[in-house]
Amino acid sequence: PPEYTRDRKHRERLAREARAAACFTHEAIATVYALEEIDGELYIASELVHGETLRAELARGPVPPDRLVSTLVDVASGLSAAHSHTVIHRDLKPENIIRRTDGHIKILDFGLARFTDPDVRTITRMTEPGTAPGTPGYMEPEQLGCGTIDARTDLFAFGILSCELATGEHPF
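What you see is a predicted model; the values in this text were computed from it and never measured. (Residues numbered from 1 in each chain as written. Predicted model: local features only at pLDDT ≥ 70, side-chain atom pairs only at ≥ 80, totals over all residues. Heavy atoms only, no water.)

Student: Please explain the pairing of strand β1 (residues 32–38) as it appears in this structure.
Tutor: It is a general feature of regular strands that their side chains alternate between the two faces of the sheet. Sheet topology note: the β1/strand β2 (residues 41–46) ladder contains six bridges and is antiparallel. By the bridge assignment for β2, Val32 is matched with Ser46. If you look at the hairpin formed by β1 and β2, you'll find two residues sitting between the two strands, and Asp39 has a positive phi there, around 50°. (Pairing = 2+ DSSP bridges. Helix = DSSP H or I, 4+ residues; strand = E, 2+ residues; numbered from the N terminus.)

See the structure below:
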């Protein structure tokens, strides 16, 4: 919405999301095609993904075992691709993953992503002092305590996600 993209911090987060998701392509990550500014408004042009979030799927119960493994393999593959490009998602949760109509998944929302490569200076710290970005129920203790952010951040969230998809309930 315009009121969102007029705010400097929100514009930076939107730009961060576009840069993080556009720096590589992978079948398990929604493709970002462009970040455009038109008449002072900022837009992300991205892949249209038909399907439903894993959160919506979880409302019906745990993911059946025969579908669970392929779902987790797809998520792990997408995270591996992001990590190989020094991108940490930092907000992996069922709401940010869509199961496409063909059954495969797409990871969305790189708005909190962080590059771990010290040579990449396109991402600035957007987090307010004393706060931790992300969704507390999926955050590793180090992320909550302002510790080191690296691939383990996403792996912790992946473990929570795996348990939740398998049982239908958040482990904590």
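After that view of the structure, there is still more to cover.
Student: Help me understand the pattern of salt bridges, please; the structure alone is not making it clear to me.
Tutor: For side chains bearing opposite charge, pairing can occur when the charged atoms are close. Enumeration according to the criterion identifies nine salt bridges in this entry. Notably, a salt bridge pairs Lys106 with Glu47, separated by 3.2 Å at the nearest N-O pair. Highlighted residues: Lys106 in strand β6 (residues 105–107) and Glu47 in the loop between β2 and β3 (51–53), separated in sequence by 59 residues. Three or more residues are tied together by salt bridges with common partners; here these are Arg55, Glu95 and Glu164. (Salt bridge = Lys/Arg side-chain N within 4 Å of Asp/Glu carboxyl O.)

Student: Sorry if this is basic, but what is going on with the packing of helix α4 (residues 65–84) against helix α6 (residues 151–167) here?
Tutor: In a pair of packed helices, the angle between the axes and the distance between the axes together describe the arrangement. Running from amino to carboxyl end, α4 crosses α6 at an angle of 170°, the nearest separation of the two axes being 11 Å. By the angle between their axes, α4 is roughly antiparallel relative to α6. Counted together, Leu68, Thr71, Leu72, Val75, Ala76, Leu79 and His83 of α4 and Ala151, Asp154, Phe158, Leu161, Ser162, Leu165 and Ala166 of α6 form the full contact between these two elements. Partitioning the contact of α4 with α6 into residue classes produces ten nonpolar, three polar and one charged. (Axes fitted to C-alpha atoms, helices over the stretch in contact; angles between N-to-C directions. Parallel < 35°, antiparallel > 145°, perpendicular 65-115°, else oblique. Contact = heavy atoms within 4.5 Å. Nonpolar A, V, L, I, M, F, W, Y, C, P; charged D, E, K, R; others polar.)

Student: Would you mind showing me how to read the sheet that holds strand β5 (residues 97–100) here?
Tutor: Across a sheet, paired strands are connected by hydrogen bonds in the backbone, their directions being either parallel or antiparallel. Judged by pairing direction, the sheet is antiparallel, and its three strands sit side by side in the order β3-β5-β6 without closing on themselves. Since the sheet does not close on itself, it has two edges, and those belong to β3 and β6, each with one partner. Put simply, the sheet's adjacent strands are angled 25° from each other on average, direction ignored. The pairing of β3 with β5 spans three bridges and is classified as antiparallel. By the bridge assignment for β5, Glu52 is matched with Arg99. Along the sheet face, α4 touches β5 and β6 and points at about 35° away from the line of β6.

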